[in-house]
Amino acid sequence: MNKIIKVHLTRYTGNHPVASVSPDRVFEIAEMENAVVVEVNKQAKKEYGEGPQISVSVGDRLSREQAIQIADTYETTLIAITSTDTTTEQSSLLKG
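### Observations regarding the overall build of the protein
A tally of regular secondary structure across the protein gives two helices and seven strands. Listing every helix and strand of the protein by position from the N terminus yields β-α-β-β-β-β-α-β-β. Taking all 96 residues of the protein together, 34% fall into the buried category. The contacts of the protein with a sequence gap of at least 6 include a subset with a gap of at least 24, amounting to 56%. Here the protein has roughly 6,100 Å² of accessible surface; of this, 48% comes from carbon and sulfur atoms.

### Quick look at the environment of Gly-49
Tracing the backbone through its elements, the reader meets Gly-49 in the loop between strand 3 (38-41) and strand 4 (53-56). Distance from Gly-49 to Gln-69, taken between C-alpha atoms, is 9.8 Å for residues 20 residues apart in sequence. Discounting residues that sit within four places of it in the chain, Gly-49 has contacts with Asn-41 and Gln-69.

### Description of the pattern of salt bridges
In total, this model carries two salt bridges according to the counting rule given. Residue Glu-75 pairs with Lys-6 through a salt bridge whose shortest N-O separation is 3.9 Å. Of this pair, Glu-75 sits in strand 6 (residues 75-81) while Lys-6 sits in strand 1 (residues 6-12), and the two are 69 residues apart along the sequence. Using a relative accessible area of 42% as the deciding quantity, one classes Glu-75 as partly exposed. Its relative accessible area of 27% is what places Lys-6 among the partly exposed residues. Between Glu-28 and Arg-61 there is a salt bridge, with the nearest N and O atoms lying 3.2 Å from each other. Taken together, the positions of Glu-28 in strand 2 (residues 27-33) and Arg-61 in strand 5 (residues 61-62) put the pair 33 residues apart, joining distant regions of the chain.

### Looking at helix 2 (residues 64-73)
For helix 2, the set of buried residues is Gln-66, Ala-67, Ile-68, Gln-69, Ile-70 and Ala-71. Along its buried surface, helix 2 packs onto strand 1, strand 2, strand 3, strand 4, strand 5 and strand 6.

### As for the confidence of the model for the protein
Parts of the model with low pLDDT should not have their predicted coordinates read in detail. With 82% of its residues at a pLDDT of 70 or more, the protein shows a mean pLDDT of 83. When pLDDT is averaged over each element of the protein, strand 2 comes out on top at 96 and strand 7 (residues 87-91) at the bottom at 49.

### As for the side chain of Ser-63
You can see Ser-63 is positioned in the loop between strand 5 and helix 2. Ser-63 sits in the buried class, given a relative accessible area of 12%. Not counting residues within four places of it along the chain, the set of residues in contact with Ser-63 comprises Asp-24, Arg-25 and Phe-27.

### Things to note about the nonpolar core
Within the largest apolar cluster, 13 residues are counted, with the highest numbers of intra-cluster contacts made by Val-7, Leu-9, Phe-27, Ile-29, Val-56, Leu-62 and Ile-70. Those elements that provide at least two residues to this core are strand 1, strand 2, strand 3 and helix 2. Looking at this core element by element, the count peaks at three residues for strand 2.

Quick notes on the rules
- Residues numbered from 1 in each chain as written.
- Predicted model: local features only at pLDDT ≥ 70, side-chain atom pairs only at ≥ 80, totals over all residues.
- Heavy atoms only, no water.
- Helix = DSSP H or I, 4+ residues; strand = E, 2+ residues; numbered from the N terminus.
- Buried < 20%, exposed > 50% of the residue type's maximum accessible area, 1.4 Å probe, protein only.
- Contact = heavy atoms within 4.5 Å.
- Areas by Shrake-Rupley, 256 points an atom, 1.4 Å probe, with all protein chains shown as cover.
- Salt bridge = Lys/Arg side-chain N within 4 Å of Asp/Glu carboxyl O.
- pLDDT = per-residue confidence, 0-100.
- Core = buried A, V, L, I, M, F, W, Y, C linked by side-chain atoms within 4.5 Å.

Given below as structure tokens:
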């Protein structure tokens, strides 16, 4: 039985402390459905599945390229969080 894997990502934006401290890792896996871990490329310049792979799960921070790979591979939602705790939800709109 093939279940659809859904990954819910959070993106820290604006003046949020995470965006200020780690600007290259502003995406975080907030929730996953039908999976415990997923594999992504460790190196951004490689084709999907080529080169070293790393396992990521809920709570892990991702680079922009890794977040895009997840959005291209799995059903994905994205929620933006700013320092004022207002959230905006988008669905699979990481490319941009």
